[in-house]
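An overview of the molecular structure
The residues making up each chain are set out below.
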Amino acid sequence: PIVGDGKYGGRAAFLGGGIADRLHLHARRIRLPHPSGEGMLDIRAPLAPHMRESWALLGFDPEAPDEDFD
């Protein structure tokens, strides 16, 4: 189960200790071929506030640059 997913993880999905009791599933960046066949779609999304807090608590840098997928 994913952190905060009580439906599939039950009580064990809620970690406590400052980690929000909300779902922690996020696609920060997705790249896929454009449907036209020309180029790539490059879609990026910022972290939700509760995930930014969890990342900081776990020592991850929410401002770290994306990996270069080219």
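All of the points below concern the structure found in this document. Source: prediction; values computed, not measured.

By the definition in use, this model includes 2 salt bridges. Taking the shortest distance from any N to any O, the salt bridge between Arg29 and Asp42 comes out at 2.8 Å. Taken together, the residues Arg29 in strand 1 (residues 29–33) and Asp42 in strand 2 (residues 40–44) connect sequence positions 13 residues apart. Note on Arg29: relative accessible area 16%, which makes it buried. According to the relative accessible area criterion, Asp42 is partly exposed, its value standing at 35%. Two residues, Arg44 and Asp42, come together in a salt bridge whose shortest N-O distance is 3.2 Å. Using a relative accessible area of 49% as the deciding quantity, one classes Arg44 as partly exposed. Bridged by salt links that share partners, the residues Arg29, Asp42 and Arg44 form one connected network.

Attention shifts here to the packing of aromatic side chains. According to the stated counting rule, one finds 1 aromatic pair in the structure shown. Between Trp55 and Phe60 the ring centres are 6.0 Å apart and the planes differ by 65°, which places this aromatic pair in the edge-to-face class.

Of all the positions in helix 2 (residues 49–58), only His50, Met51 and Ser54 are classed as buried. The buried side chains of helix 2 occupy one side of the element, clustering within an arc of 95° when seen end-on. Across helix 2 from its buried face, at more than 90 degrees, point the exposed residues Pro49, Glu53 and Ala56. Downstream of helix 2 by one or two residues, Gly59 has phi in the positive range, about 90°.

Each regular strand displays side chains that alternate between the two surfaces of the sheet. Looking at chain direction, strand 1 and strand 2 are connected through 5 bridges and run antiparallel. From the neighbouring strand, Arg31 faces strand 2, where its bridge partner is Asp42. Connecting the antiparallel pair strand 1 and strand 2 is a turn made up of 6 residues, with Gly37 showing a positive phi of about 90°.

The rules behind these values
- Residues numbered from 1 in each chain as written.
- Predicted model: local features only at pLDDT ≥ 70, side-chain atom pairs only at ≥ 80, totals over all residues.
- Heavy atoms only, no water.
- Salt bridge = Lys/Arg side-chain N within 4 Å of Asp/Glu carboxyl O.
- Helix = DSSP H or I, 4+ residues; strand = E, 2+ residues; numbered from the N terminus.
- Buried < 20%, exposed > 50% of the residue type's maximum accessible area, 1.4 Å probe, protein only.
- Phe/Tyr/Trp six-rings, centres within 6.5 Å; stacked < 30°, edge-to-face > 60°.
- Arc of directions from axis to C-beta.
- Pairing = 2+ DSSP bridges.

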